[in-house]
Amino acid sequence: MEDLKVVIGSDHGGFHYKESIIEYLKSRNIEYFDVGTHTRESCDYPEIAKEVAKKVTSGEFSRGILVCGTGIGMSIAANKYRGIRAALCGDTYSARVSRAHNNANVLCLGERVIGEHLALDIVDIWLKTGFEGGRHKRRVDMIE
Ligand code: RB5
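Bear in mind that the values here come from a model prediction, so they are computed numbers and not experimental data.

Quick look at the site of the ligand
Neighbouring the ligand are the residues D11, H12, Y45, C68, G69, T70, G73 and R112. The separation between an oxygen atom of the ligand and a polar side-chain atom of D11 is 2.6 Å. The separation between an oxygen atom of the ligand and a polar main-chain atom of T70 is 3.0 Å. A class-by-class count of the residues in the shell around the ligand yields two nonpolar, four polar and two charged.

A few points about the side chain of H136
Structurally, H136 can be placed in helix α6 (residues 135–143). On the basis of relative accessible area, H136 is assigned to the buried category, the value being 5%. Excluding residues within four positions of it along the chain, H136 makes contact with A100, H101 and F131.

A closer look at the packing of helix α1 (residues 15–27) against helix α5 (residues 116–128)
α5 packs onto α1 with a crossing angle of 50° between their chain directions and a minimal axis gap of 10 Å. Judged on the interaxial angle alone, α5 and α1 are oblique. The element α1 and its partner α5 pack so that their crossing is right-handed. Here α1 contributes H16, Y17, S20, I21, Y24 and L25 to the contact with α5, which in turn contributes E116, A119, L120, V123, D124 and L127. Classifying every residue of the contact of α1 with α5 gives eight nonpolar, two polar and two charged.

Topic: unusual backbone geometry
A cis amide bond links G36 with the next residue in sequence, T37, at an omega value of 5°. Along the polypeptide, T37 turns up in the loop between β2 (31–34) and α2 (45–57). A positive phi is found at N103, a non-glycine position, where the angle reads about 50°.

Thoughts on the pattern of salt bridges
A side chain of one charge can pair with a side chain of the opposite charge when the charged atoms of the two come close. For the structure shown, the criterion picks out ten salt bridges. Note that K18 is salt-bridged to D34, the shortest N-O span being 3.1 Å. A residue pair is termed long-range when its members are at least 10 positions apart, and K18 in helix α1 and D34 in strand β2 qualify at 16 residues. Summarising the burial analysis for this pair, K18 and D34 share the class buried. Among the ionic pairs, E60 bridges to K55, the shortest N-O distance being 3.9 Å.

Conventions and cut-offs
Residues numbered from 1 in each chain as written. Predicted model: local features only at pLDDT ≥ 70, side-chain atom pairs only at ≥ 80, totals over all residues. Heavy atoms only, no water. Near = heavy atom within 4 Å. Polar contact = N/O pair within 3.5 Å; in protein donor to acceptor, adjacent residues only side chain to side chain. Nonpolar A, V, L, I, M, F, W, Y, C, P; charged D, E, K, R; others polar. Helix = DSSP H or I, 4+ residues; strand = E, 2+ residues; numbered from the N terminus. Buried < 20%, exposed > 50% of the residue type's maximum accessible area, 1.4 Å probe, protein only. Contact = heavy atoms within 4.5 Å. Axes fitted to C-alpha atoms, helices over the stretch in contact; angles between N-to-C directions. Parallel < 35°, antiparallel > 145°, perpendicular 65-115°, else oblique. Left-handed = near helix turned anticlockwise from the far one by under 90°. Salt bridge = Lys/Arg side-chain N within 4 Å of Asp/Glu carboxyl O.

The following block contains the structure:
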């Protein structure tokens, strides 16, 4: 597996899952950095998406995880940054294939949409799955 360094962030709508995912990362000894938010107070998801996107595109972190109420705002915002391939996943198959075929480097989740245990399974699979390359690399390169 690649050397995983994960940068994670959420708005208030994804705060609880962010904290749970951090517990998961700690339990697996996966290096991470939490860009916030650090309270349940209302905040603006584009600011958080920007922080995570910048840390992934700079190469400082290999993967990013973003959580908001639906995951939609975070994925729209993150995908504005060149080099970011953010995948909003609500099932484990999409999580696996977003890595294997799309080489997604940011995972987006919706706390108000999926259950917490499913979210943690998605994170687990997404972090463990590698990019298959080959024909998929050609297609990803076409996006870039
Ligand atoms: C916040 O209420 C909510 O709009 C946000 O968490 C997210 O769902 C946006 O896409």
